[in-house]
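# Structural features, examined
Single-letter residue listing:
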Amino acid sequence: MMIFKQQARCVFWSATAYSWEGCNVTEVSLNEATCVCSHLTMFAISQDSNIEACGDGRIGVDEQCDDGDIYSSDGCSSSCTVEATFTCEGAPSLCTSSSASGQSALSSDGIRSKLGISGYNSKEDFINNGMEAFVITIAEA
C-alpha cells in the first residue's frame, strides 16, 4: 500500500486515546514515513485513505488529473496537473498525448518508450565500447 503525506499522521497513545499532538510527518516515500515528535514517545503511523491525495486515483479539489501514480512524463504530473501536449479524462485519469493523437502516454504493458541499439556484437561489446557515448547522448537529449 502506498503512503501519501496528506493521509499520514504520526500518532502515539496518550493514556486514553491516540493523539498526534507534538508529532509531525516530515517525509514520505512510497512505503515509508518519517515522524518527528517534540517529546519522547513510541509512535505509529496512522493513514486515513478518505483524505484526498495526489496519486490515489481520485481527482481532488486542487487536482487537474490523478492517474493513480506519483510519476511525471505520463500526462499527469507528480503534482496532479495535466502536462503539456496531453489531455486527461476520468478517475483514475487516462492521459492521451495530443502530439500523437489517439495514443495513450503508456503502452498497454506500462512502457513509456522503447529503445533499440544496433551495431554491437554483444551486450558486453556495447558496455565496453559504446555505453559512455550513449549515456552522453541521452543526457544531452
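Residues numbered from 1 in each chain as written. Predicted model: local features only at pLDDT ≥ 70, side-chain atom pairs only at ≥ 80, totals over all residues. Heavy atoms only, no water.

We now examine the nonpolar core. Membership of the largest hydrophobic core is limited to eight residues, which are Ile 3, Ala 8, Cys 10, Phe 12, Cys 23, Val 25, Cys 35 and Cys 37. Of all the elements in the fold, those that place two or more residues in this core are strand E1 (8–13), strand E3 (23–28) and strand E4 (33–37). Ranked by residues supplied to this core, first place goes to E1 with three residues. Every residue in contact with Cys 37, bar those within four places of it in the chain, is listed here: Gly 22, Cys 23 and Phe 43. Core analysis: the next-biggest nonpolar cluster, separate from the first, contains five residues, Cys 76, Phe 86, Cys 88 and Cys 95 among them. (Core = buried A, V, L, I, M, F, W, Y, C linked by side-chain atoms within 4.5 Å. Buried < 20%, exposed > 50% of the residue type's maximum accessible area, 1.4 Å probe, protein only. Helix = DSSP H or I, 4+ residues; strand = E, 2+ residues; numbered from the N terminus. Contact = heavy atoms within 4.5 Å.)

To continue, consider the pattern of salt bridges. Applying the stated criterion across every chain, the model contains one salt bridge. For Arg 58, the salt bridge is made with Asp 56, and the minimal N-O distance between the two is 2.9 Å. For Arg 58, a relative accessible area of 35% corresponds to the partly exposed category. (Salt bridge = Lys/Arg side-chain N within 4 Å of Asp/Glu carboxyl O.)

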